[in-house]
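Listed below are the residues making up each chain.
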Amino acid sequence: MARERTVASPASREGNEAAGPDPGAATRRRRHQGRRAFAVALALTILAVAAWALLGSSLLVVRHVRVTGAGGLVPAGTVRSAARIPLGLPLVRVDGAAAARRVEHLAPVLSARVSRSFPDTVVISVRQRTPALAVALASGYALVDSAGVTVTVVGSAPSGLPLLTTPPPVLRGSPAVRAAAEVVKGLPAELRERVTSVSVSASSVTLALSGGLTVRWGGPAQGAQKAAELDLLLGSTRARYFDVSDPATAVTHR
């Protein structure tokens, strides 16, 4: 006997779908929402743990303050004291810019930079000023750099550092101090060692050399040509005064 097969029409299928929601789709939605909620909770937990580690725990706090570039006129201990970074402070709370400004208030310090080195160290990098000239004071000698900043004060005349015999009323930022320092810095080492004092008049620098010799140098420009001309003159004449401010027309006299 032949068996009859019933085929549902499109209309009947639509009727079945309209009869009620698919239970499997609802289950899938609940699973998706559960995964999203778990991901959000996990992210919040990670953030909370990270915040605790950075701010509230003793894991990432300052245990060491390391100083580089110090020594000589500015000891590392002086830099640490000026920075005022307390041990035990969370690294993320260290105000590096403020600490660097405090270090830069030290006279021998040209610039400072403060950085964090996880997990427990702050690094202070220092650039020191270089004394270029000595200036006589009532109670000693000020050692100043090319910007006219007094790096330190000493009791006796320093060896190897020329004395500025015509200091301006204000040293810091003085063009005269800068011109004198640039001239001395640009001299060949052998000539620089012979300079005992420097004077500046109307932006023209004059050098006093050991042995009672005087050299009118002029400005810092053409330093190599002036040094070469002076070297020739020193070896070929018994003059006591040399004017190499224009190396093309050098002048000498006794």
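Residues numbered from 1 in each chain as written. Predicted model: local features only at pLDDT ≥ 70, side-chain atom pairs only at ≥ 80, totals over all residues. Heavy atoms only, no water.

## Here we look at the overall build of the chain
Which entries qualify depends on this criterion: Going along the chain from the N terminus, every DSSP run of H or I of four or more residues is numbered as a helix, and every run of E of two or more is numbered as a strand. Accessible surface is estimated by sampling points in the Shrake-Rupley manner with a 1.4 Å probe; for residues, cover comes only from the protein chains shown.
What the chain contains, in helices and strands, is seven helices and 12 strands. When the accessible area of the chain is evaluated, it comes to approximately 15,600 Å², of which 56% is carbon and sulfur surface.

## Describing the confidence of the model for the chain
Going by this rule: Each residue carries a pLDDT score, the predictor's own confidence in it, on a scale running from 0 to 100. Residue contacts are counted whenever heavy atoms from the two residues lie within 4.5 Å of one another.
For the chain, mean pLDDT is 86; residues scoring 70 or higher make up 79% of the total. Contacts from residues 15-19, a stretch scored under 50 in pLDDT, to residues over four places away or in other chains number zero contacts.

## Quick look at the pattern of salt bridges
In plain terms, the rule: Between Lys or Arg on one side and Asp or Glu on the other, a salt bridge is scored when a side-chain nitrogen of the former is within 4 Å of a carboxyl oxygen of the latter. Only protein chains enter the accessibility calculation, which uses a 1.4 Å probe. A residue is then buried if its area is under 20% of the maximum for its type, exposed if over 50%, and partly exposed in between.
In total, this model carries two salt bridges according to the counting rule given. When the shortest N-O distance is used, the salt bridge between Arg129 and Asp145 registers 2.8 Å. Placement of the pair is Arg129 in the loop between strand 3 (121-128) and strand 4 (133-137) and Asp145 in the loop between strand 5 (140-144) and strand 6 (150-154), with a sequence separation of 16 residues. For Asp145, a relative accessible area of 6% puts it in the buried group. One salt bridge in this structure joins Asp243 and Arg216, with 3.3 Å as the shortest N-O distance. Of this pair, Asp243 sits in strand 11 (residues 241-243) while Arg216 sits in strand 10 (residues 213-218), placing them 27 residues apart in sequence.

## Some details on the side chain of Ser197
Structurally, Ser197 is set in strand 8 (residues 195-201). Apart from residues lying up to four places away in sequence, Ser197 is in contact with Pro162, Leu163, Thr165, Thr206, Leu207 and Ala208.

## Points about the sheet that holds strand 2 (residues 109-117)
Strand pairing in a sheet relies on backbone hydrogen bonds, with the paired strands running either antiparallel or parallel. Quick reminder of the rule: A pair of strands is labelled paired if DSSP reports no fewer than 2 bridges between them. Here an axis means a line fitted to C-alpha atoms, over the contact stretch when the element is a helix, while the angle between two N-to-C directions is reported on a 0 to 180 degree scale.
Pairing within the open sheet is mixed, and its three strands lie in the order 1-3-2. With one partner strand each, in any of the chains shown, strand 1 (64-68) and strand 2 form the two edges of the open sheet. With strand direction ignored, the average angle separating the axes of adjacent strands in the sheet is 20°. With five bridges joining them, strand 1 and strand 3 adopt parallel strand pairing. Considered in strand 3, the bridge of His64 is made with Thr121. Sheet strands touched by helix 3 (residues 76-83): strand 1 and strand 3. Its angle to strand 1, the strand with the most contacts, is close to 125°.

## Side note on the packing of helix 3 against helix 4 (residues 96-104)
For clarity, the cut-off: What sets the label is the angle itself: under 35 degrees gives roughly parallel, over 145 gives roughly antiparallel, 65 to 115 gives roughly perpendicular, and the rest give oblique. For a crossing to be left-handed, the near helix must be turned anticlockwise from the far one by less than a right angle; the clockwise case is right-handed. Residue polarity follows a fixed list, in which Ala, Val, Leu, Ile, Met, Phe, Trp, Tyr, Cys and Pro are nonpolar, Asp, Glu, Lys and Arg are charged, and the others, Gly among them, are polar.
Between helix 3 and helix 4, the shortest axis-to-axis distance is 8 Å and the interhelical angle comes to 130°. In terms of orientation, helix 3 and helix 4 fall into the oblique class. Crossing geometry of helix 3 relative to helix 4 is assigned as right-handed. Packed against helix 3, whose contacting residues are Val79, Ala82 and Ala83, the element helix 4 presents Ala99, Arg102 and Val103 at the interface. In terms of residue class, the contact of helix 3 with helix 4 is built from five nonpolar, no polar and one charged.

## Brief notes about the environment of Val177
Checked against the element boundaries, Val177 lands in helix 5 (residues 175-186). Each C-alpha atom, one on Val177 and one on Ala132, is 9.2 Å from the other, the two residues being 45 residues apart in sequence. Filtering out sequence-adjacent residues up to four positions away, Val177 remains in contact with Leu133, Val144, Asp145, Ser146, Gly148, Leu164, Pro168 and Leu171.

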